[in-house]
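Structural overview
One letter stands for each residue in the lines below.
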Amino acid sequence: MPSAKKKPAAAKKRAKPSALLTALRKALDDGQAEDIVAIDLRGKSSIADDMLVASGRSARQVAALADRVMEALAGRGQKRAPVEGLKTGDWVLIDAGDVIVHLFRPEI
């Protein structure tokens, strides 16, 4: 009897995106963020399940995108999330629990 072949690890299907990831991605898309990428961290990191990376064309847009993410979190009942880098607007890191959001200007 022939042995069953296993699928390579790369062929594993990604779990359905969480509602949080979907909501934050929509907030970034609505704010016209560029180059939005979701990175699956499950099984690779214990700090989060996903990371969203996106860029803005200016410091003002990066700050506005961060505000949109914070508003989306507040709308989901998460009032306070740790934020780094918002003051300058060159890059911003938001710890939304299961999703880490990293926003930046491409030249930075």
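The present account deals with the structure reproduced in this document. Computed from a predicted structure; not experimentally measured.

Let's talk about the environment of phenylalanine 104
Among the structural elements, phenylalanine 104 can be located in strand E5 (residues 99-104). Remark: the alpha-carbon pair of phenylalanine 104 and valine 62, spanning 42 residues in sequence, is separated by 6.3 Å. Look past the residues within four positions of phenylalanine 104 in its chain and what remains in contact with it is Val53, Ala54, Ser55, Gly56, Val62, Asp90 and Trp91.

Points about the environment of aspartate 50
Mapped onto the secondary structure, aspartate 50 falls in strand E2 (residues 50-55). Residue classification places aspartate 50 among the buried residues on the basis of a relative accessible area of 1%. Separated by ten residues in the primary sequence, aspartate 50 and aspartate 40 place their C-alpha atoms 4.7 Å from one another.

Overview of helix H2 (residues 59-75)
The end-to-end C-alpha distance of H2, which contains 17 residues, comes to 24 Å, matching closely the 24 Å that a straight helix rising 1.5 Å per residue would cover. The inward-facing, buried residues of H2 contact helix H1 (19-30), E2, strand E4 (91-95) and E5. One or two residues past the end of H2 sits glycine 77, with phi positive at roughly 95°.

Some thoughts on the pattern of salt bridges
For the coordinates displayed, the defined rule picks out six salt bridges. Residue glutamate 34 is joined to arginine 57 by a salt bridge in which the shortest nitrogen-to-oxygen separation is 3.1 Å. Within this pair, whereas glutamate 34 is found in strand E1 (residues 34-40), its partner arginine 57 is found in the loop between E2 and H2, the two being separated by 23 residues in sequence. The exposure class of arginine 57 is partly exposed, given its relative accessible area of 48%. A salt bridge links arginine 105 to aspartate 90, with the shortest nitrogen-to-oxygen separation between them at 2.8 Å. Of the two residues, arginine 105 is situated in the segment after E5 and aspartate 90 in the loop between strand E3 (83-84) and E4; the sequence distance between them amounts to 15 residues. The network of salt bridges with common partners includes Asp40, Arg42 and Asp50.

Digging into the sheet that holds E2
If you walk across this open sheet you meet the five strands as E1-E2-E5-E4-E3, and the pairing is mixed. Across the chains shown, the open sheet's two edge strands, defined by having one partner strand only, are E1 and E3. For E1 and E2, the ladder comprises five bridges, and the chain directions are antiparallel. When the sheet's bridge partners are listed, valine 37 is paired in E2 with valine 53. Running at roughly 10° to E4, H2 makes contact with E2, E3, E4 and E5 of the sheet.

Rules used in this analysis
- Residues numbered from 1 in each chain as written.
- Predicted model: local features only at pLDDT ≥ 70, side-chain atom pairs only at ≥ 80, totals over all residues.
- Heavy atoms only, no water.
- Helix = DSSP H or I, 4+ residues; strand = E, 2+ residues; numbered from the N terminus.
- Contact = heavy atoms within 4.5 Å.
- Buried < 20%, exposed > 50% of the residue type's maximum accessible area, 1.4 Å probe, protein only.
- Expected span 1.5 Å × (residues − 1).
- Salt bridge = Lys/Arg side-chain N within 4 Å of Asp/Glu carboxyl O.
- Pairing = 2+ DSSP bridges.
- Axes fitted to C-alpha atoms, helices over the stretch in contact; angles between N-to-C directions.

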